[in-house]
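Topology and contacts: notes
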Amino acid sequence: MTLIKKELTVCIENVIYPFYFIIGFTYPKLNYLVAFDNIDEDLLMKTVFIDNPNSMGLHLLNNLALAFIDKFLKLGSKDSLFKSKKILEYIISKNESISFKINLLQAKYYLDNLSTDDKQWLIKLKNTNNDLVIKCGSLLLLEYLDEFELYFKELKPDEQKEFKEYPIYQIYNTKK
C-alpha cells in the first residue's frame with residue numbers, strides 16, 4: 001500500500017466519516033480530496049462502501065464523483081471524468097437511483113460518450129418525471145436549453161441557487 005493510499009484510508013476513516021453528519025460533505029467540500037492526481041478510486045470505493053454499505057456511503061461516493069467532474073471542468077483533466085464514471089457505475093451497481101444515473105450520464109456527456117440509449121432514457125425521463133430538478137438535469141444533458149429555462153424558472157430561488165452550483169449547470173453556461 002502506497003503512502004497516498006494509507007493517507008486516504010486514514011482520511012476517510014478519521015476525517016470524513018466523523019464529520020459527515022455534522023457538516024455534510026457536498027461535492028465542493030470534497031475538492032481537496034480529488035486534488036490528488038494519484039487517488040486510487042478502487043480503494044476509495046471499497047473503503048467507503050465496505051465501512052458504510054448504506055445510503056450515506058453511496059451519497060458520499062456520489063459527491064466525490066461530482067467533485068471529479070468539477071475538477072475536469074476547472075482543469076480539463078479527462079482522467080477525473082474516467083474516475084467519476086467508474087465511481088458512478090459502481091454506485092449504480094448498488095442503487096439505481098435516478099439522480100445517480102443522471103450523474104453518470106453527466107460524466108459520459110463530458111466524455112462525449114452519450115449513447116442513443118442514454119438519450120432515449122433521458123427523453124423518457126423528461127416526459128415522465130415530475131421532479132423539476134431531475135427534469136432540468138435531463139434537459140441539460142439533452143441540450144434542450146429553451147425547455148430547460150422554462151422549468152428552471154419554476155424552481156424555488158434556493159433550489160435554483162443550489163442547482164447552479166452543480167457541474168451539470170455548466171452545460172447551460174457553455175451552450176447558451
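Residues numbered from 1 in each chain as written. Predicted model: local features only at pLDDT ≥ 70, side-chain atom pairs only at ≥ 80, totals over all residues. Heavy atoms only, no water.

Tracing the sequence through the fold places serine 84 in helix H5 (residues 78-94). With relative accessibility at 0%, the residue serine 84 sits in the buried group. Serine 84 sits 22 residues away from glutamine 106 along the chain, and the two C-alpha atoms are 9.6 Å apart. Contacts of serine 84, omitting those with residues within four sequence positions, involve Ala65, Phe68, Ile69 and Ala107. Looking at serine 84, its side chain comes within polar contact range of the main-chain oxygen of alanine 65, at 3.0 Å. (Helix = DSSP H or I, 4+ residues; strand = E, 2+ residues; numbered from the N terminus. Buried < 20%, exposed > 50% of the residue type's maximum accessible area, 1.4 Å probe, protein only. Contact = heavy atoms within 4.5 Å. Polar contact = N/O pair within 3.5 Å; in protein donor to acceptor, adjacent residues only side chain to side chain.)

What follows deals with the confidence of the model for the chain. Taken as a whole, the chain shows an average pLDDT of 80; of its residues, 69% reach a score of 70 or greater. Helix H1 (residues 3-23) is the least confidently modelled element of the chain, averaging 44 in pLDDT, while helix H9 (residues 145-154) averages 97, the highest of any element. Predicted confidence for residues 1-25 stays below pLDDT 50, and this span has 46 contacts to residues more than four positions away or in other chains. (pLDDT = per-residue confidence, 0-100.)

This paragraph deals with the pattern of salt bridges. Evaluation of the coordinates by the stated rule reveals six salt bridges. Note that glutamate 147 and lysine 126 form a salt bridge whose closest N and O atoms lie 3.2 Å from each other. Linking glutamate 147 in helix H9 with lysine 126 in helix H7 (residues 116-128), this pair joins segments that are 21 residues apart in sequence. Taking relative accessible area as the criterion, glutamate 147 reaches 26% and is therefore assigned partly exposed. When its relative accessible area of 12% is taken as the criterion, lysine 126 is described as buried. When the shortest N-O distance is used, the salt bridge between glutamate 143 and lysine 175 registers 3.6 Å. Of the two residues, glutamate 143 is situated in the loop between helix H8 (132-141) and H9 and lysine 175 in helix H11 (residues 169-175); the sequence distance between them amounts to 32 residues. Taking relative accessible area as the criterion, glutamate 143 reaches 36% and is therefore assigned partly exposed. (Salt bridge = Lys/Arg side-chain N within 4 Å of Asp/Glu carboxyl O.)

Here we take up the packing of aromatic side chains. Per the stated rule, a full pass over the model turns up 10 aromatic pairs. Measuring from centroid to centroid gives 5.8 Å for phenylalanine 72 and tyrosine 110, while their planes differ by 50 degrees, and the two rings are tilted. Taken together, the residues span a long stretch of sequence, with phenylalanine 72 in helix H4 (residues 55-75) and tyrosine 110 in helix H6 (residues 98-110) at a distance of 38 residues. Of the residues examined, tyrosine 110 reaches a relative accessible area of 11% and is grouped as buried. An aromatic cluster is defined as three or more aromatic residues linked by ring pairs; in this entry it consists of Phe148, Phe152, Phe163, Tyr169 and Tyr172. Against the face of tryptophan 121 rests lysine 101, its NZ or CZ located 4.6 Å from the ring centre. (Phe/Tyr/Trp six-rings, centres within 6.5 Å; stacked < 30°, edge-to-face > 60°. Lys NZ or Arg CZ within 6 Å of the ring centre and 35° of its normal.)

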